[in-house]
Amino acid sequence: LDRGETLEDLLRRWGGSPLPGWRRRCPGGIREVLDSFARLARLLGELSGAGLPIGRLHPRALRLGPDGRVRLDAAQLTAEERGDSEPSSDPMFPTPDEWAPYLAPERLLAPDGAPSSSGEESGVYSLAAILHHCLAGTPPWSGRSRAEVADRILAGAPPAPIPTERDLPRGVAPLLADALA
């Protein structure tokens, strides 16, 4: 079974210009990627409605399958999201600083990214931050540590710009800006 590659690996390989990579890897191009993220957002809503909110995601937990669709890799969810009582010390899971660019501000400022009462909203923020990275080649805000990322957000620094591409629907950038606000 080919589970595909993690978005983390693809984004690292494609560097600051991921859009040509998406066009090569996905039969439907960037629109197919956007459709996959829309499906993932609906999945997060369904899981939250079932009492299983996913409060944070990392590009390591999303895979691009051979069919060009982005899927959630449940094995890469943190212990918190899986409902385990003990957090994992597995080196395959992101460190708190690796999580920082994808954490909602309320989680970023909490000790160790502790869960807040807004699990679904935090998960949607994470998904939007990952989509931003997929389009712009960089997370909306980045830094070497959680403190640096938090400083940029709190200082009101604008997110990294999303390139304007002819095959990128016009409403994507404003939608991401709303999700990251």
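Everything numeric in this text was worked out from a predicted model, so none of it was measured.

Definitions and cut-offs
- Residues numbered from 1 in each chain as written.
- Predicted model: local features only at pLDDT ≥ 70, side-chain atom pairs only at ≥ 80, totals over all residues.
- Heavy atoms only, no water.
- pLDDT = per-residue confidence, 0-100.
- Contact = heavy atoms within 4.5 Å.
- Core = buried A, V, L, I, M, F, W, Y, C linked by side-chain atoms within 4.5 Å.
- Buried < 20%, exposed > 50% of the residue type's maximum accessible area, 1.4 Å probe, protein only.
- Helix = DSSP H or I, 4+ residues; strand = E, 2+ residues; numbered from the N terminus.
- Disulfide = S-S within 2.5 Å.
- Polar contact = N/O pair within 3.5 Å; in protein donor to acceptor, adjacent residues only side chain to side chain.

Let us look at the confidence of the model for the protein chain. For the protein chain, the average pLDDT comes to 82, and 85% of its residues sit at 70 or higher. Counting contacts from residues 82-87, a segment whose pLDDT is below 50, to residues more than four positions away or on other chains yields seven contacts.

Attention now goes to the nonpolar core. One finds L7, W22, F37, L62, I130 and L135 to be the most contacted residues of the largest nonpolar core, which totals 43 residues. Those elements that provide at least two residues to this core are α1 (7-14), α2 (19-25), α3 (29-49), β2 (62-64), α7 (119-136), α8 (146-154) and α9 (172-180). For this core, the element with the highest residue contribution is α7, accounting for nine residues. Ignoring anything within four residues of it in the chain, the contact list for L62 reads E5, T6, L7, F37, L40, V70, R71, L72, L127 and I130.

This part covers the state of the cysteines. A covalent bond bridging the sulfur atoms of two cysteines is what the word disulfide describes. Tallied over the full model, the rule gives zero disulfides. Take C26: it sits in no disulfide, and the sulfur closest to it among the cysteines is that of C134, at 9.5 Å. Residue C26 is classed as buried on the basis of its relative accessible area, which comes to 2%. Judged by its relative accessible area of 0%, C134 falls in the buried class.

Structurally, H58 can be placed in the loop between α3 and β2. With relative accessibility at 4%, the residue H58 sits in the buried group. Side-chain polar atoms of H58 contact the backbone oxygen of E98, separated by 3.4 Å. If sequence neighbours within four positions are ignored, H58 has contacts with E8, P94, E98, W99, Y102 and I130.

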